[in-house]
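Structural features, examined
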Amino acid sequence: MNIAGYGIDVSHHQGKIDWPKVARSGITSAGNLPVNFSILKCIYESQSHRPDERFEENYRGCIDNAINVGIYVYHASASLADPVAEAEALVRTLNGRRLHLGIWHDLEDKSLRSAGNNAIHQMLKIEDEILKSHGFTDIGIYCSKYWHDSILDKKYLKDKYKYWWIARYLKDDLGQIPPESMSPAKYADAWQFSSKGKVSGISGNVDLDVDFTGLAAAMAKDLPKSEDGFTPYKQGIKTVKVTNKLNIRLSPELGDNIIGQLPNGAKVNVTEISGKWSKIEGWVSTNYLE
């Protein structure tokens with residue numbers, strides 16, 4: 001089973017998250033796997049489509065700790081009733097911010113099943129037109145294996161959506177990766193393999209995910225590019241300020257060639273972190289960044 005990265009998906013249900021600890025210690029229930037990405041709940045589908053109360057701090061926590069970010073929207077009766085209001089609320093909440101792993105339509109609520117596939121298709125069409133008009137072009141479908149196999153109109157949706165994220169757990173889910181025979185890699189880009197994961201920095205259970213295909217590189221086309229043409233997968237993008245005159249070196253080694261210098265107070269984009277070094281166009285000491 002090819003794996004490009006491991007991740008989590010979270011909402012207000014996880015409470016306050018210690019993101020530095022998440023980044024340091026990772027997924028403990030599955031062998032201390034690194035958390036490369038997180039899919040965040042962004043808005044409610046009801047209650048005037050208000051933002052998830054933890055979205056802002058979760059987004060900031062991921063960016064500040066070099067964890068790639070995507071968002072999901074749970075669709076239900078209010079989504080069907082007014083998809084325009086929902087999409088516009090999502091656009092307002094996102095406010096143009098970067099998403100390494102795009103936007104995911106969460107299709108699982110019983111109200112969608114009752115409404116039928118034509119209603120689901122119409123809701124998605126209206127929302128996608130609004131999202132894409134604001135530059136959010138990387139959009140995928142999240143659902144369970146049962147919904148994928150038996151509820152949704154796969155022929156219609158697979159013609160419209162390139163990216164799929166499938167939920168499938170062991171019967172005795174303990175937060176560990178199930179056997180490869182359960183993997184949906186043949187028909188999906190990502191797999192939610194547990195709802196009972198344990199992650200340092202998060203109280204209680206959390207959903208655990210696998211990225212099979214390198215979604216951050218594939219979906220983050222609008223992000224600054226690294227030297228090889230792709231946004232670094234394991235590291236996020238964050239803007240920091242220099243706190244002292246700072247040498248830029250060719251590699252993360254103190255004795256390597258100096259290729260430039262930054263003045264005190266300069267603002268730079270960090271694209272990768274290696275130990276005590278941060279990468280901009282070259283490498284600088286993280287000790288002098290804030």
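Residues numbered from 1 in each chain as written. Predicted model: local features only at pLDDT ≥ 70, side-chain atom pairs only at ≥ 80, totals over all residues. Heavy atoms only, no water.

For the rest of this paragraph, the subject is unusual backbone geometry. With phi around 60 degrees, Ala-66 is a residue other than glycine that occupies positive phi space. Tracing the sequence through the fold places Ala-66 in the loop between α2 (55-64) and β3 (68-74). In this structure, Asn-95 takes a positive phi of about 50 degrees despite not being glycine. Among the residues examined, Asn-95 registers a relative accessible area of 64% and is labelled exposed. (Helix = DSSP H or I, 4+ residues; strand = E, 2+ residues; numbered from the N terminus. Buried < 20%, exposed > 50% of the residue type's maximum accessible area, 1.4 Å probe, protein only.)

A few words on the pairing of strand β8 (residues 206-211). Most of β8 sits inside the fold, with 5 of its 6 residues counted as buried. The sheet contact formed by strand β1 (residues 5-10) and β8 spans 5 bridges and is antiparallel. Its bridge partner lying in β8, Gly-5 is registered against Asp-211. Bridging between strand β7 (residues 190-197) and β8 involves 5 bridges; their strand directions are antiparallel. For Trp-191, the partnering residue across the bridge sits in β8 and is Val-210. (Pairing = 2+ DSSP bridges.)

Another point: α2. Buried residues of α2: Phe-55, Asn-58, Tyr-59, Gly-61, Cys-62 and Ile-63, and no others. Just beyond α2, the residue with positive phi is Ala-66, at close to 60 degrees.

Looking now at the pattern of salt bridges. Counted under the stated rule, the structure contains 7 salt bridges. Residue Lys-125 is joined to Glu-129 by a salt bridge in which the shortest nitrogen-to-oxygen separation is 2.9 Å. Taken together, the residues span about one helical turn, with Lys-125 and Glu-129 both in helix α6 (residues 117-133) at a distance of 4 residues. Residue Lys-125 is classed as partly exposed on the basis of its relative accessible area, which comes to 45%. (Salt bridge = Lys/Arg side-chain N within 4 Å of Asp/Glu carboxyl O.)

Note that Ser-183 resides in the loop between β6 (163-167) and β7. In this structure the C-alpha to C-alpha distance between Ser-183 and Met-1, which are 182 residues apart in sequence, comes to 7.9 Å. Non-local contacts of Ser-183, meaning those with residues more than four positions away in its chain, are made with Met-1, Trp-191 and Phe-212. From its side chain, Ser-183 meets the backbone nitrogen of Ala-185 in a polar contact 3.2 Å long. (Contact = heavy atoms within 4.5 Å. Polar contact = N/O pair within 3.5 Å; in protein donor to acceptor, adjacent residues only side chain to side chain.)

An order of β1-β2-β3-β4-β5-β6-β7-β8 is seen for the 8 strands of this closed barrel, with the pairing classed as mixed. Each strand axis lies, on average, 30 degrees off the axis of its neighbour in the sheet, ignoring direction. In the sheet, β3 pairs with strand β4 (residues 103-106) via 4 bridges, with the strands oriented parallel. Counterpart to Tyr-72 in the pairing with β4 is Trp-104. Strands β1, β2 (37-41) and β3 of the sheet are contacted by α2, whose axis makes an angle of about 170 degrees with β2. (Axes fitted to C-alpha atoms, helices over the stretch in contact; angles between N-to-C directions.)

Note that every value here comes from positions in space, so none of it alone points to a role or purpose.
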